[in-house]
Structure formats: C-alpha cells, structure tokens
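Each chain, letter by letter, is given below.
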Amino acid sequence: MKNAPKICIIDDDYIYRYTVVKKMETMHLSVSTLAFEDGEMALSFIQENLNANSELPDVIFLDIDMPVMDGFQFLKEYSKIESQLNKKINIYMISSSLDPVDIDRAQRINSILDYFVKPIKTEQLESVFLSLK
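From a predicted model like this one, the values you see are computed outputs, not experimental measurements.

Conventions adopted
Residues numbered from 1 in each chain as written. Predicted model: local features only at pLDDT ≥ 70, side-chain atom pairs only at ≥ 80, totals over all residues. Heavy atoms only, no water. Pairing = 2+ DSSP bridges. Helix = DSSP H or I, 4+ residues; strand = E, 2+ residues; numbered from the N terminus. Axes fitted to C-alpha atoms, helices over the stretch in contact; angles between N-to-C directions. Contact = heavy atoms within 4.5 Å. Core = buried A, V, L, I, M, F, W, Y, C linked by side-chain atoms within 4.5 Å. Buried < 20%, exposed > 50% of the residue type's maximum accessible area, 1.4 Å probe, protein only. Salt bridge = Lys/Arg side-chain N within 4 Å of Asp/Glu carboxyl O.

Peer 1: Before we move on, could you go through the sheet that holds strand E3 (residues 59-62) and cite the residues and values that matter?
Peer 2: Strand order in the open sheet made by the five strands is E2-E1-E3-E4-E5, with parallel pairing throughout. Looking at strand neighbours, the two that pair on one side only are strand E2 (32-36) and strand E5 (112-117), the edges of this open sheet. Each strand of the sheet is rotated relative to its neighbour by a mean of 20°, with strand direction disregarded. Sheet topology note: the strand E1 (residues 6-10)/E3 ladder contains four bridges and is parallel. Residue pairing in the sheet places Ile10 in a bridge with Leu62 of E3. Across the sheet, helix H2 (residues 39-48) touches E1, E2 and E3, and the angle it forms with E2 is around 130°.

Peer 1: An account of the nonpolar core is requested, with residue identities and associated values reported.
Peer 2: Inside soluble globular proteins, nonpolar side chains tend to come together where they are buried. Of all hydrophobic cores here, the largest spans 27 residues; its most connected members are Ile46, Ile60, Leu62, Phe74 and Met93. Residue assignment for this core shows that the elements contributing at least two residues are E1, E2, H2, E3, helix H3 (71-81), strand E4 (90-95) and E5. In terms of residue count, H3 provides more of this core than any other element does, five residues in total. Not counting chain neighbours up to four residues away, the residues in contact with Leu62 comprise Ile10, Gly71, Phe74, Leu75, Ile91, Tyr92, Met93 and Ile94.

Peer 1: Residue-level account of the pattern of salt bridges, with values.
Peer 2: This model, assessed by the stated rule, comprises six salt bridges. Notably, a salt bridge pairs Lys118 with Asp11, separated by 2.6 Å at the nearest N-O pair. Of the two residues, Lys118 sits in the loop between E5 and helix H5 (122-131) while Asp11 sits in the loop between E1 and helix H1 (14-26), which places them 107 residues apart along the sequence. Taking the relative accessible area as the measure of exposure, Asp11 reaches 2% and is therefore buried. Sharing partners across several salt bridges, the network here consists of Asp11, Asp63 and Lys118.

Peer 1: Explain the environment of Val20 residue by residue, including any values.
Peer 2: For Val20, the position within the fold is in helix H1. Taking the C-alpha atoms as reference, Val20 lies 13 Å from Glu123; in sequence the two are 103 residues apart. Apart from the residues within four sequence positions on either side, Val20 is in contact with Ile9, Phe61 and Ile120.

Next up, the structure:
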C-alpha cells in the first residue's frame, strides 16, 4: 500500500479508541485514523464520501455494543450502500463479547473478515496490516 492506510475505529468507548491508536503508534504503523462513537455517525461519513475514495477508510474496526446504532445495525445499513463504493473496505468486528451467538452471527456476515476479542492484540493488528499490502 503506497499511502498510509486509513483506519476507522467505530466504538463508543473513548479510552479504547485512544488505546488502539496508541498501540498502532508504538508498533510504528504509519496510519491515518478516523474515529466515531456510534455506527450512525460512521455510516453518515461513508455516505457523504461515497465518491471520495481517499476519504474512505481502508479498514474499519467495529464494536458491537454501542448506543444509537450498534455494530450489527451498522452492517445492515452498510450492506445497502456497499455496492456503491468504488473501494473495498476491510471490516473487523472487535468486541468484548465472548458470547458464541455474537461470534457466530459476525462470522456469518460476508463483509466481516474476522472477529477479535478486546483488547486487540499486536499480532492481530499486524495481520490486518499485512493483509493490506
């Protein structure tokens, strides 16, 4: 990937968003980050930038449990606009939920590449970045 990848973190927990950014910095990953506290804000951003590939994220780290619009609701709405995008966005669900129902539900959604349990591990971040090259 020529330019620094754009990472979008959709999570209502400010501290978690901050720690993911700091972890990427300590790993010396050159990234640009976007952060949203709920799925609705992120979806609005994507809709406003449908034709602006440089503004859209390369990767989305998506939480499940958020107010306003949770991760699964976001994915349902995202699936309605995904075909309008000229860019492939890699989506990873990252949640503190160990509930097998949540994990199974996430694994059955084609647009989700993987499910990570919080906190995201260094090896998981490395694999995400390697998949972008």
